[in-house]
Amino acid sequence: ELKVEQNPLFLSMQEGKNYTIYCNYSTTSDRLYWYRQDPGKSLESLFVLLSNGAVKQEGRLMASLDTKARLSTLHITAAVHDLSATYFCAVDLGGYSTLTFGKGTMLLVSP
Amino acid sequence: NAGVTQTPKFRVLKTGQSMTLLCAQDMNHEYMYWYRQDPGMGLRLIHYSVGEGTTAKGEVPDGYNVSRLKKQNFLLGLESAAPSQTSVYFCASRPDRPTGGAWETQYFGPGTRLLVL
């Protein structure tokens, strides 16, 4: 059974600071997704990581994938309030692309 | 394109009542999924479909049934609702193959909030 663990589950940070969210998973996979969810809203796709060593960046967010370590990271650079949301990683085992989600990291960025 | 839409947005049921949640997508996607989201649990897959007329069980299928009679629609049914089914339900869809050379993510609907009393 695939297990996906995110940490931390809650992160309170000040604007301008850097931080990293970690996503560990228990079974070999080379497809991993990051989503953002605002309170009461749906999930918005942030990154699709498809191979070992994949790195993608969008604005202040950068995601990477290490399939050998079964680890993905979401790095936040110089956080701003607009990044406050819950971030989920999800692992795709292939086949019909069913996803197993982590429990999410609630990020709160304050002045 | 409306993308993925869900009906209704919110519903209150009494224990034992039945209801159907409708998911529709206008992107001609083959794959469709139903998830539930509970506080602190992330999203868990209930059922999925890989094409018209097909369905398969996910991680938490008990108490739910699904049907995919048309490619664009995926229905989730609760035959006898229980308080444990109080949750937010999300539908998602995606193509069955890369589009324009790019591997696709799942596209999510806005969600249906269900309260079972």
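Our subject is the structure that appears above.
Read on for an overview of the structure. Fair warning: this is a prediction, and the values are worked out from it, not measured in the lab. (Residues numbered from 1 in each chain as written. Chains lettered and ligands numbered in written order. Predicted model: local features only at pLDDT ≥ 70, side-chain atom pairs only at ≥ 80, totals over all residues. Heavy atoms only, no water.)

Quick word on the overall build of chain A
Operational definition: Only DSSP runs of H or I with at least four residues qualify as helices, and only runs of E with at least two residues qualify as strands; both kinds are numbered from the N terminus onward. Radius of gyration means the value over C-alpha atoms here, while the globule rule gives 2.2 Å times the residue count to the 0.38 power. Burial classes follow relative accessibility: with a 1.4 Å probe on protein chains only, a residue under 20% of its type's maximum area counts as buried, one over 50% as exposed, and anything between as partly exposed.
Of regular secondary structure, chain A possesses 0 helices and 11 strands. In chain A, the succession of helices and strands from N to C terminus is β-β-β-β-β-β-β-β-β-β-β. For 111 residues, the compact-globule estimate of 2.2 N^0.38 gives 13 Å, and the C-alpha radius of gyration of chain A, at 13 Å, lies within 12% of that figure. Counting only C-alpha atoms and orienting by the principal axes, one finds that chain A spans roughly 45 × 30 × 20 Å. The burial tally for chain A puts 45% of its 111 residues in the buried class.

Examining the environment of B:Arg44
Residue and element names in this part refer to chain B. Threshold: Whether two residues touch is decided by their heavy atoms; if any such pair falls within 4.5 Å, the residues are in contact. In the analysis that follows, any N or O atom pair within 3.5 Å is treated as a polar contact, provided that within protein one partner can donate a hydrogen and the other can accept it, and provided that, for residues neighboring in sequence, both atoms belong to side chains.
Position of Arg44 relative to the elements: it lies in strand S5 (residues 42-49). Spatially, the C-alpha atoms of Arg44 and Ala82 are 17 Å apart, while their sequence positions differ by 38 residues. Once residues within four sequence positions are removed from consideration, Arg44 is found in contact with Trp34, Tyr35, Arg36, Asp38, Glu59 and Val60. Polar side-chain contacts of Arg44 include one of 2.8 Å to the side chain of Asp38.

Some thoughts on the sheet that holds strand S3 (residues 19-25) of chain B
Residue and element names in this part refer to chain B. To be explicit about the condition: Only strands that DSSP links by at least two bridges are regarded as paired with each other. For every element, the axis is a line fit to its C-alpha atoms; helices are fit only across the contacting stretch, and the angle between N-to-C directions ranges from 0 to 180 degrees.
Here we have 4 strands laid out as an open sheet, ordered S1-S3-S8-S7, and antiparallel in their pairing. Single-partner strands in this sheet number two, and they are strand S1 (4-7) and strand S7 (65-67). With direction set aside, neighbouring strand axes in the sheet form an average angle of 20°. Pairing geometry for S3 and strand S8 (residues 73-78), over 6 bridges, is antiparallel.

Examining the packing of aromatic side chains
For the record, the criterion: Note on aromatic contacts: the rings of Phe and Tyr and the six-membered ring of Trp form a pair at centre separations within 6.5 Å, being stacked when their planes are under 30 degrees apart, edge-to-face when over 60 apart, and tilted otherwise.
Tallied over the full model, the rule gives 12 aromatic pairs over all chains. When the ring of A:Phe101 is compared with that of B:Phe108, the centres are 6.2 Å apart and the planes differ by 75°; the resulting orientation is edge-to-face. Here A:Phe101 is found in strand S10 (residues 99-101), whereas its partner B:Phe108 is found in strand S10 (residues 107-108) on a different chain. Residue A:Phe101 shares its accessibility class with B:Phe108, and that shared class is buried. Pairwise contacts between aromatic rings join A:Tyr33, A:Tyr35, A:Phe88, A:Tyr96, A:Phe101, B:Tyr31, B:Tyr33, B:Tyr35, B:Tyr48 and B:Phe108 into one cluster.

Focus: unusual backbone geometry
Residue and element names in this part refer to chain A. Here the amide bond leading from Asn7 into Pro8 is cis, since omega sits at 0°, within 30 degrees of zero. Here Pro8 is to be found in the loop between strand S1 (4-7) and strand S2 (10-14). One non-glycine residue, Arg70, lies in positive phi territory at about 55°. Counting through the fold element by element, Arg70 comes out in the loop between strand S7 (61-66) and strand S8 (71-76). The class for Arg70 is partly exposed, based on a relative accessible area of 31%. The phi dihedral of Ser97 is positive, around 60°, even though this residue is not glycine. Relative to the helices and strands, Ser97 resides in the loop between strand S9 (85-92) and S10.

Description of the side chain of A:Ser42
Positionally, A:Ser42 belongs in the loop between strand S4 (32-37) and strand S5 (43-49). A relative accessible area of 18% places A:Ser42 in the buried class. Of the polar contacts made by the side chain of A:Ser42, one reaches the backbone oxygen of B:Gly109; its length is 2.4 Å. The residues touching A:Ser42, leaving out its near neighbours within four places in the chain, are A:Arg36, A:Gln37, B:Phe90, B:Phe108, B:Gly109 and B:Pro110.

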